[in-house]
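One letter stands for each residue in the lines below.
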Amino acid sequence: GNSVTQMEGPVTLSEEAFLTINCTYTATGYPSLFWYVQYPGEGLQLLLKATKADDKGSNKGFEATYRKETTSFHLEKGSVQVSDSAVYFCALGGSRGAQKLVFGQGTRLTINP
Amino acid sequence: DTAVSQTPKYLVTQMGNDKSIKCEQNLGHDTMYWYKQDSKKFLKIMFSYNNKELIINETVPNRFSPKSPDKAHLNLHINSLELGDSAVYFCASSQATAGNTIYFGEGSWLTVV
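Presented here is a report on the structure given in the accompanying data block. Here the structure is a predicted model, which means the values were calculated and not measured. For every chain, the first residue of the written sequence is number 1, and numbering continues from 1 along that sequence. Chain A is the first chain written and ligand 1 is the first ligand written, with later ones labelled in order. The predicted nature of this model means local features are confined to residues of pLDDT at least 70 and side-chain atom pairs, given and counted, to a pLDDT of 80 or more, with totals for whole chains, interfaces and linings taken over all residues. Water and hydrogen atoms play no part in the side-chain values, which are based on all heavy atoms of the structure.

Our next topic: the overall build of chain A. Note on conventions: DSSP H or I runs of at least 4 residues are helices, E runs of at least 2 residues are strands, and numbering of each starts at the N terminus. Secondary structure assignment for chain A yields zero helices and 12 strands. When the helices and strands of chain A are listed from N to C terminus, the series reads β-β-β-β-β-β-β-β-β-β-β-β. For 113 residues, the compact-globule formula gives about 13 Å, and the C-alpha radius of gyration of chain A, at 13 Å, lands near that figure. If you line up chain A on its principal axes, its C-alpha atoms span 45 × 25 × 20 Å. The buried share of chain A, taken over its 113 residues, is 45%. Accessible surface, chain A: about 5200 Å² in total, of which carbon and sulfur atoms supply 47%. With C-alpha atoms as the basis for the radius of gyration, the globule rule is written as 2.2 Å multiplied by the number of residues raised to the power 0.38. Type-normalised accessible area, obtained with a 1.4 Å probe on protein chains alone, sets the label of each residue: buried when under 20%, exposed when over 50%, and partly exposed for intermediate values. Throughout, the Shrake-Rupley method with a 1.4 Å probe supplies accessible areas, and for residues the shown protein chains are the sole cover considered.

This brings us to the pairing of strand 1 (residues 3-6) of chain A. When a strand is regular, its side chains alternate between the sheet's two faces. Residues and elements named next belong to chain A. Of the two faces of strand 1, the one holding Val4 and Gln6 is buried and the one holding Ser3 and Thr5 is not buried anywhere. Paired strands, as defined in this entry, are two strands with at least two bridges between them according to DSSP. Bridge analysis of strand 1 against strand 4 (residues 23-26) gives four bridges, and the strand direction is antiparallel. If you follow Thr5 over to strand 4, its bridge partner there is Thr24.

This paragraph deals with the pattern of salt bridges. Salt bridges are defined by distance alone: a side-chain nitrogen of Lys or Arg within 4 Å of a carboxyl oxygen of Asp or Glu. Scanning the entire structure with this criterion turns up eight salt bridges over all chains. Among the salt bridges present, the one from Asp84(A) reaches Lys77(A), with a minimum N-O distance of 2.8 Å. Summarising the burial analysis for this pair, Asp84(A) and Lys77(A) share the class buried. Between Glu58(B) and Lys44(B) there is a salt bridge, and its shortest N-O distance comes to 3.5 Å. Of the two residues, Glu58(B) sits in the loop between strand 6 (53-57) and strand 7 (64-70) while Lys44(B) sits in strand 5 (residues 43-50), which places them 14 residues apart along the sequence. Of the residues examined, Lys44(B) reaches a relative accessible area of 42% and is grouped as partly exposed.

Now for the sheet that holds strand 7 (residues 56-59) of chain A. Residue and element names in this part refer to chain A. The four strands are arranged 3-9-8-7 in an open sheet whose pairing can be described as antiparallel. Edge positions in the sheet fall to strand 3 (19-21) and strand 7, since each of these pairs with one other strand and no more. Each strand of the sheet is rotated relative to its neighbour by a mean of 15 degrees, with strand direction disregarded. Bridging between strand 3 and strand 9 (residues 75-77) involves three bridges; their strand directions are antiparallel. For Thr20, the partnering residue across the bridge sits in strand 9 and is Glu76. Only C-alpha atoms enter the line fits that serve as axes; for helices the fit covers just the stretch in contact. Angles between N-to-C directions range over 0 to 180 degrees.

Here it is in structure tokens:
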């Protein structure tokens, strides 16, 4: 079945550092890939997505490229801020029909000033 | 203006009680979902309805019963609550087409004591 493996957390960085959170997946067909973010005490928000190979999703300075050859969708940001502190989830959606999202285990990110 | 709204946000109840969580979406989507987030932040789908019809039913105790009176509503009823049911329950919605974004509510924090 489909699965997502995320970089183990927690991750702690200083402000303005470069961020990478690794995400790899196993899936049949051509899934869509998503990054969701959960700020403390809040619900899940879509951060970015990509629906086909070589697509790059981007939002709020974050980027991720759908790499079919390496089955990866790593999240990157060039210069993180304290406000980026949150839990980040990589997720995989089905290639057809209703979206049964399969989530990675989440990576807690803390940015220190 | 809230796209996916669920109530209550916080619920503390005793073991053995029956409780319901309500969810409404105003996005015009045809598919709604319930996800469960455990204490380790792991997210897993429980149910999905498309146009009021159950289409995804993961391995969930039959004490959990979803009900969809119309496309815009998906309620979750839980009978005979157990300590292990303590979690955050997220309602979500989307259009049932691969790659479409799933929009999540803010979550309902359930604590069983």
